[in-house]
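Spelled out, the chains give:
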Amino acid sequence: TAQLLQYLFLAQIFVAYTTCEEDLFIISQFSSIMGNSGNLSKKVKMFKRKPSPIKEIMNYSDPQHIRKFGINPEDLISFAGGWSNHNAPENLRKAYEHMLSDPERFHLSGGYSTSIGDREFRNAICKFEKHLYDIDLNEKQIAVGLGSTQLTNDLFTVLLDPGDTILLLDPSYCNYPAQLVNGIPDIEILRFSVIDEEKWEFNADKKIEEFSDYILKNKPKVVMLVSPDNPTSKILSHEFVQATLNAVKEIGAYLIVDFAYKELVYDGVFPKYFSWSPSENFISLRTNSKWCRSLGRRIGWVEAPEFIVEAMEFVQSSTILSPDKLHQMAFGKFINDSIEDGSLDVYIQNTRKLYKNAAEKTAELIRKYLDFPIIEPDGGLYIFMDVKTNSAKFVENILTKTGVLFIPGWGFGRTGTNAVRLSFGPLVEEIDMIEQGIIKIAEYLNETKPFLKIN
């Protein structure tokens with residue numbers, strides 16, 4: 001009984017203290033009564049105590065997690081996942097089939113590539129970028145990895161030291177802060193708001209000069225942007241990005257642009273920086289995950305100056321050793337074949353139309369049935385919606401009462417505290433299900449107006 005009381009007392013303290021230096025003492029005391037399960041690293045213990053938005057998002061793909069809310073997973077209507085659900089290119093499937101059908105090719109696919117990818121595949125990437133965006137690249141400016149998450153982690157390792165500063169927009173992709181805090185000791189994360197919360201408008205272009213001045217004043221080592229953005233699905237203007245690069249150059253820092261949704265720009269009209277080659281201060285993060293519906297076939301690449309690619313090779317030799325050879329072989333063949341027969345352009349154009357239609361229909365349904373302001377998307381999978389109340393409570397309540405799931409906006413930054421991210425990606429070809437989910441929410445909210453007053 002005494003040991004149990006001690007455990008409960010320490011557990012209460014453990015929950016109460018979340019950011020202070022005394023955490024290390026509390027962890028050591030907590031570990032002493034938890035046996036070997038309490039003997040994990042201090043970093044992991046700190047990390048486990050802070051909620052991870054990405055971990056929460058991924059949990060919702062687990063049927064057992066959904067059942068905890070009293071929901072039958074088969075009845076769930078999910079606007080949560082950041083995943084696309086259209087069909088992958090047929091030429092990509094055929095490329096895998098080609099690799100697997102021949103014993104010699106399949107044997108070759110089980111070998112190592114270099115730590116930054118096969119030269120043949122990196123040259124296929126150069127061809128891909130030149131064809132779509134007229135980017136001039138050479139294979140020495142490309143490092144291939146196991147998707148953009150791993151590449152981001154290793155890129156942070158290459159660029160950032162303990163105590164450095166990184167600047168993100170607010171809101172911004174919710175996994176960056178967790179990656180930074182988990183990977184770089186004493187990292188300082190600055191945020192710059194690009195949402196007018198009163199009008200619920202994306203106002204980055206109105207803050208170009210202010211953002212540049214903020215960079216010059218605070219001197220971050222890295223400025224990280226996403227375009228089209230997650231969660232707002234807005235495309236940053238060329239003027240905004242050019243001014244950012246100018247400021248970054250002035251302080252000798254780095255600008256990274258995460259182009260995860262680059263091929264999903266609805267109208268196919270791109271800002272000039274979409275065609276930028278890597279430079280001493282400019283780096284692009286690239287992936288085939290969303291547009292090519294290759295979410296689980298983990299592959300991505302960094303386009304960077306040669307000195308950064310050389311550093312990535314050093315780091316990746318100890319983190320991933322080698323990117324997946326089969327994915328490189330298949331995707332490389334797909335690139336070459338689909339450019340040659342013209343199917344790449346057709347596929348991307350059709351995919352853009354599909355997501356533009358889903359975005360427009362979803363926005364129209366929200367305006368029709370829900371009295372919540374939204375930020376109109378330009379590309380990607382999302383609509384960022386102001387629900388005017390605590391988003392975590394709102395999401396849990398809506399899920400429990402209606403079986404419809406959003407992602408709360410708190411993980412994307414302070415401006416998302418009272419907002420939710422609605423992803424139409426999982427239902428891109430099921431507009432009727434999108435409508436059904438929004439109607440369910442509207443009917444419930446119309447019956448329980450007082451809920452909206454919760455803060």
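So, here's what we can say about the structure. Source: prediction; values computed, not measured.

1. Examining the side chain of aspartate 154
No. 1: You can see aspartate 154 is positioned in helix 9 (residues 148-159).
No. 2: The buried category is assigned to aspartate 154, whose relative accessible area is 5%.
No. 3: One polar contact links aspartate 154 to threonine 319, side chain to side chain, over a distance of 2.7 Å.
No. 4: Apart from the residues within four sequence positions on either side, aspartate 154 is in contact with Met312, Val315, Gln316 and Thr319.

2. A word on the sheet that holds strand 11 (residues 374-375)
No. 1: Strand order in the open sheet made by the four strands is 11-12-15-14, with antiparallel pairing throughout. Of all the strands in the sheet, the pair left with one neighbour each is strand 11 and strand 14 (407-408).
No. 2: The strands touched by helix 15 (residues 343-369) within the sheet are strand 11, strand 12 (382-386) and strand 15 (419-423), with strand 12 carrying the most contacts at an inclination of about 20°.

3. With respect to the nonpolar core
No. 1: Among the nonpolar cores identified, the biggest contains 106 residues, and Leu225, Trp291, Phe331 and Phe406 are the most heavily contacted of them.
No. 2: Listed in part, the 26 residues of the second largest apolar core include Tyr176, Tyr254, Leu285 and Val309.

4. Some details on the side chain of glutamate 303
No. 1: Looking at the secondary structure, you find glutamate 303 in strand 10 (residues 300-303).
No. 2: Despite its burial, glutamate 303 remains without a salt bridge, the nearest opposite charge being carried by arginine 286 at 4.1 Å.
No. 3: Here the side chain of glutamate 303 touches tryptophan 301 through a polar contact of 2.9 Å, side chain to side chain.

5. Some points on the pairing of strand 8 (residues 254-258)
No. 1: Most of strand 8 is tucked away, with five of its five residues classed as buried.
No. 2: In this sheet, strand 8 lies alongside strand 7 (residues 222-226) in parallel orientation, the contact comprising five bridges. Each bridged residue has a counterpart across the sheet, and for valine 222 the counterpart in strand 8 is tyrosine 254.

6. Focus on the pairing of strand 9 (residues 282-287)
No. 1: Among the six residues of strand 9, six are classified as buried, and the element is accordingly described as predominantly covered.
No. 2: Side chains of strand 9 alternate between two faces, with Phe282, Ser284 and Arg286 and Ile283, Leu285 and Thr287 buried alike.
No. 3: As paired strands, strand 8 and strand 9 are joined by four bridges and run parallel to one another. Note that in strand 9 the partner of leucine 255 across the bridge is phenylalanine 282.
No. 4: Pairing geometry for strand 9 and strand 10, over four bridges, is antiparallel.

7. Let's talk about the packing of helix 11 (residues 208-218) against helix 12 (residues 238-251)
No. 1: Where helix 11 meets helix 12, the axes come as close as 9 Å, and the angle between the chain directions of the two elements is 20°. When the axes of helix 11 and helix 12 are compared, the pair comes out roughly parallel. Along this stretch, helix 11 crosses helix 12, giving a crossing that reads as right-handed. The residues of helix 12 that touch helix 11, namely those facing Ile208, Phe211, Ser212, Ile215 and Leu216, are Glu239, Phe240, Ala243, Thr244, Ala247, Val248, Glu250 and Ile251.

8. Things to note about helix 11
No. 1: Every buried residue belonging to helix 11 is among Ile208, Phe211, Ser212 and Ile215, and all of these are buried. Burial along helix 11 is one-sided: seen end-on, the buried residues are contained in an arc of 100°. Exposed residues on helix 11 whose side chains face more than 90 degrees from its buried face are Glu209 and Lys217.
No. 2: Next to the buried residues of helix 11 lie strand 3 (165-170), strand 4 (188-193), strand 7 and helix 12.
No. 3: Lysine 219 sits one or two positions beyond helix 11 and adopts a positive phi of about 50°.

Rules used throughout
Residues numbered from 1 in each chain as written. Predicted model: local features only at pLDDT ≥ 70, side-chain atom pairs only at ≥ 80, totals over all residues. Heavy atoms only, no water. Helix = DSSP H or I, 4+ residues; strand = E, 2+ residues; numbered from the N terminus. Buried < 20%, exposed > 50% of the residue type's maximum accessible area, 1.4 Å probe, protein only. Polar contact = N/O pair within 3.5 Å; in protein donor to acceptor, adjacent residues only side chain to side chain. Contact = heavy atoms within 4.5 Å. Pairing = 2+ DSSP bridges. Axes fitted to C-alpha atoms, helices over the stretch in contact; angles between N-to-C directions. Core = buried A, V, L, I, M, F, W, Y, C linked by side-chain atoms within 4.5 Å. Lys, Arg positive; Asp, Glu negative; His and termini not counted. Salt bridge = Lys/Arg side-chain N within 4 Å of Asp/Glu carboxyl O. Parallel < 35°, antiparallel > 145°, perpendicular 65-115°, else oblique. Left-handed = near helix turned anticlockwise from the far one by under 90°. Arc of directions from axis to C-beta.

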